Amino acid sequence: MLLPVGGLEMNSTMDDMNLIQEAQRHHLVVRELGEEIDLEIGPGDDDPSFANSPLIGGPPREPSARENDETKQMVMVSHLPPDDQDLSKSQTVKRKKKVVKRWREEWADTYKWAYVDVKEGTARIFCSVCKDYGRKHRRNPYGNEGSRNMQMSALEEHNNSLLHKEALRLQMASKDKIIVDKPIFVKALMSKTAGSIVEAALKRDPHEVEFIQSVQEAVHALERVIAKNNHYVNIMERLLEPERMILFRVPWVDDRGETHVHRGFRVQFNQALGPCRGGFRFHPSMNLSIAKFLGFEQTLKNALSPYKLGGAAGGSDFDPKGKSDNEIMRFCQSFMNEVCRYLGPDKDLPSEDMGVGTREMGYLFGQYRRLAGHFQVSFTGPRIFWSGSSLRTEATGYGLVFFAQLMLAEMNKELKGLRCVVSGSGKIAMHVLEKLIAYGALPITVSDSKGYLVDDDGFDYMKISFLRDIKSQQRSLRDYSKTYARSKYYDEAKPWNERCDVAFPCAYHNEIDQSDAINLVNSGCRILVEGSNMPCTPEAVDVLRKANVLVAPAMAAGAGGVVAGELERNHECNEMQWSPEDFESKLQEAMKQIYQRALKAAADFGYQKESPEALVHGAVISGFLSVAQAMTDQGCV
């Protein structure tokens, strides 16, 4: 800080620490990180624009209001007459230019984490953290007389300041990739034992934000289980380390002949109950943390289902949007070339996830068949090589609505006439809309990555067909409003502030944050059915729980895809064509079993079915106990 007129010098350490804390609070991004400061100046000493030009490349930096105020308050001490002052300034400018040229290399190295700017016609060195040259940065960096000794003194003062040291610390942290964009939210746990499990996971994988979040939610649900039997602590520690993590590169060639490379993942999380089943996800955000979180959730989801299956997940950071069919085919073939050796009917059974549909699964299966030399594997999705269940693609979305109906039936209510908000516009969201209409509900929203669409009249089958056409042509949902004038599309917004009774988040993990949860509660929502895995942030979960919003967890409500996949694997299913009615009947029965298992497990550990935590905790407890029993029976696995 500059010294104000008539003011006293402020405590340096307190000023420095306050600035550092403020920078951390506002997630300060230093624009000049790692950039060399080019102090080379104009072509000659007589360049008149030098005094008013910044000495660094790039766009000129506008002085802030704070700098303007401090400039007005700065003490200007001079004993020269006005004419002499003008002459002195012109001489000083020339002298500065020569000094800058002379010591440019030394300053470029020393001030890699500072920047040079002109303030009131005087070039100064500003710290990248404090954005000022205040206390300990106050001396003119070029020296009063332009001598080497005075300049080195200015360098030492800058380097010894707390703020410059903080800038250097940030530089080293960024090199080591220690700083993450979003911090891990650590929830308070009731018991030390449960806390030790989360602490161990944090120590092992401190950067895997999504995975740590899913672990915390599971451990929180299992606190009463662990308190009754400490044997489960060791089981949980083993369970949280995947059996197998496969990372590989996926090179492919686009239609222009250019080569690209992406990263592939397959995490076979646990096979204690049987062969793995889990989705392939193609999305730019895909990474190992997301693959582990999805695999962990899938393990508990499969264990909760009526079938004996392990859990897995994987995919790639490849984005199929905007790619031609031939490009997607070449990518899928390259992806399968690496992962095929880990798949098989007794090993791993892949299925669809975000960015992977019937087309992608067809290409993946075709390449697997060529490489393996046989047909014996279950790839769910494509219908070109079996005549089994006719509603495989619809199963997950339909299952969500069946589960919501079970929850409402417990309250002596039904879906008919209820306003429902749905996020997403993929296959799950569209099939949720279909089944909601069949039950007489009023679905009013869908969304995409740019915003959301609301139709207060509600969607019908004709409108859903129109929405599908829009999506198939890769157009924006905004085009819907051109045909249906009473609808409206909101840019950069989410649908959670629309008045509703039931919410179906079917887009992406952590799509509902704390403010969204507050909007949902204020909008009248009383039931939330998770269509996507872990759609709520920890803060949002706390808001919904305190507001007594009943939550149907994805590992229970979203198990329809698992059920359909197992029906397809059934030999009898492959022998005959199932009618939609028969398939729905099987799916409804399986969802009812899952619902009852979750409620029973919750009741066994003291959670009342009216509690907003009953289904969430019950689903985790039931799935975990199944896996834990198998791991115990099989020894140290």
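I will try to describe carefully the structure that is included in this document. No experiment lies behind these values; they were computed from the predicted model shown. (Residues numbered from 1 in each chain as written. Predicted model: local features only at pLDDT ≥ 70, side-chain atom pairs only at ≥ 80, totals over all residues. Heavy atoms only, no water.)

## Some remarks on the overall build of the chain
The helix and strand tally for the chain stands at 24 helices and 15 strands. Expressed as a percentage of its 637 residues, the buried residues of the chain come to 51%. Taking contacts inside the chain between residues at least 6 apart in sequence as the whole, the part at least 24 apart equals 70%. Carbon together with sulfur atoms contributes 50% to the accessible area of the chain, which is approximately 30200 Å² in total. (Helix = DSSP H or I, 4+ residues; strand = E, 2+ residues; numbered from the N terminus. Buried < 20%, exposed > 50% of the residue type's maximum accessible area, 1.4 Å probe, protein only. Contact = heavy atoms within 4.5 Å. Areas by Shrake-Rupley, 256 points an atom, 1.4 Å probe, with all protein chains shown as cover.)

## A closer look at the packing of aromatic side chains
Inspection of every chain in the model, using the stated rule, returns 20 aromatic pairs. Relative to Phe-331, the ring of Phe-282 lies with its centre 5.2 Å away and its plane at 90 degrees, an arrangement referred to as edge-to-face. Highlighted residues: Phe-282 in strand β5 (residues 276–282) and Phe-331 in helix α12 (residues 325–339), separated in sequence by 49 residues. With 6.4 Å between their ring centres and 75 degrees between their planes, Phe-402 and Tyr-439 make a pair best called edge-to-face. Note that Phe-402 is positioned in helix α14 (residues 395–410) and Tyr-439 in the loop between α15 (427–438) and β9 (442–443), a separation of 37 residues in sequence. Accessibility expressed as a relative area gives 23% for Tyr-439, which makes it partly exposed. Members of the aromatic cluster, connected to one another through ring pairs, are Phe-248, Trp-252, Phe-280, Phe-282, Phe-318, Phe-331 and Phe-335. Residue placement shows Lys-292 over the ring face of Phe-211; its charged tip is 4.4 Å from the ring centre. Lying across the ring of Tyr-398, Lys-435 places its NZ or CZ 4.4 Å from the centre. (Phe/Tyr/Trp six-rings, centres within 6.5 Å; stacked < 30°, edge-to-face > 60°. Lys NZ or Arg CZ within 6 Å of the ring centre and 35° of its normal.)

## Quick look at empty space enclosed by the protein
Under the counting rule described, the total for this entry stands at 4 cavities of 30 Å³ or more. Volume-wise, the largest cavity comes out at about 410 Å³. Lining the largest cavity are 25 residues, with Glu-217, Glu-530, Val-541, Val-551 and Val-616 sitting closest to its centre. Of all the secondary structure elements, the ones that give two or more residues to the lining of the largest cavity are α8 (209–221), α11 (288–304), α19 (538–546), α20 (554–557) and α24 (614–633). Among the residues forming the lining of the largest cavity, the class breakdown is 16 nonpolar, 3 polar and 6 charged. (1 Å grid on protein atoms, 1.4 Å probe; cavity = no way out; pocket = protein on both sides within 12 Å on 5 of 7 lines; lining within 4 Å. Points joined across faces, edges and corners; volume = space filled by probe spheres on them. Nonpolar A, V, L, I, M, F, W, Y, C, P; charged D, E, K, R; others polar.)

## A few points about α11
Taking 1.5 Å per residue, 17 residues should reach 24 Å; α11 reaches 24 Å between its end C-alpha atoms and fits that length. The N-capping residue of α11, defined by a side-chain oxygen 3.1 Å from the backbone nitrogen of Ser-289, is Asn-287. (Expected span 1.5 Å × (residues − 1). Polar contact = N/O pair within 3.5 Å; in protein donor to acceptor, adjacent residues only side chain to side chain.)

## Topic: helix α16 (residues 461–472)
The end-to-end C-alpha distance of α16, which contains 12 residues, comes to 16 Å, matching closely the 16 Å that a straight helix rising 1.5 Å per residue would cover. Among the residues of α16, Lys-463, Ile-464, Phe-466, Leu-467 and Ile-470 are the ones counted as buried. Down the axis of α16, the smallest arc covering the buried residues is 160 degrees, so these residues share one side. The exposed residues of α16 that point more than 90 degrees off its buried face are Met-462 and Ser-472. Contacts made by the buried residues of α16 are with α15, β10 (445–448), β11 (451–454) and α17 (480–483). The distance from a side-chain oxygen at the start of α16 to the backbone nitrogen of Met-462 is 3.2 Å, and the residue carrying that oxygen is Asp-460. (Arc of directions from axis to C-beta.)

## Comments concerning the environment of Arg-419
Among the secondary structure elements, Arg-419 is positioned in strand β8 (residues 419–422). Contacts of Arg-419, omitting those with residues within four sequence positions, involve Leu-442, Ile-444, Asp-456, Arg-499, Cys-500, Asp-501 and Val-502.

## A short note on the packing of α14 against helix α23 (residues 580–604)
Orientation of α14 relative to α23, taken along the N-to-C sense of each, is 55 degrees, at an axis distance of 9 Å. In terms of orientation, α14 lies oblique with respect to α23. Viewed along their axes, α14 and α23 form a crossing whose handedness is right-handed. Counting all contacts with α14, which are made through Ala-395, Tyr-398, Gly-399, Phe-402, Phe-403, Leu-406, Met-407 and Glu-410, the residues of α23 involved are Phe-583, Glu-584, Leu-587, Gln-588, Met-591, Lys-592, Ile-594 and Tyr-595. Its residues assigned to classes, the contact of α14 with α23 shows 11 nonpolar, 2 polar and 3 charged. (Axes fitted to C-alpha atoms, helices over the stretch in contact; angles between N-to-C directions. Parallel < 35°, antiparallel > 145°, perpendicular 65-115°, else oblique. Left-handed = near helix turned anticlockwise from the far one by under 90°.)

## Considering unusual backbone geometry
Phi is positive for Asn-412, close to 60 degrees, though the residue is something other than glycine. For Asn-412, the location among the structural elements is in the loop between α14 and β8.

## Comments concerning the side chain of Asp-542
Tracing the chain through its elements places Asp-542 in helix α19. Look at Asp-542 and you get buried, because its relative accessible area is 18%. Side chain to side chain, Asp-542 and Arg-545 meet in a polar contact 2.9 Å long.

## Points about the pattern of salt bridges
For the structure shown, the criterion picks out 27 salt bridges. A salt bridge links Arg-277 to Glu-566, with the nearest nitrogen and oxygen atoms 3.2 Å apart. Of this pair, Arg-277 sits in strand β5 while Glu-566 sits in helix α21 (residues 560–569); the two residues are 289 residues apart in sequence, bridging distant segments of the chain. Looking at Glu-566, the relative accessible area reads 11%, which means it is buried. For Glu-352, the salt bridge is made with Lys-427, and the minimal N-O distance between the two is 3.9 Å. Highlighted residues: Glu-352 in strand β7 (residues 348–352) and Lys-427 in helix α15, separated in sequence by 75 residues. (Salt bridge = Lys/Arg side-chain N within 4 Å of Asp/Glu carboxyl O.)

## Describing the packing of helix α18 (residues 514–522) against α19
Remark: α18 packs on α19, axes separated minimally by 7 Å, with the N-to-C direction vectors making an angle of 20 degrees. The angle between α18 and α19 falls in the class roughly parallel. With respect to the hand of their crossing, α18 and α19 are arranged in right-handed fashion. Here Gln-514, Ala-517, Ile-518 and Val-521 of α18 come into contact with α19, specifically with Glu-539, Ala-540, Val-543 and Leu-544. A per-class count over the contact of α18 with α19 returns 6 nonpolar, 1 polar and 1 charged.

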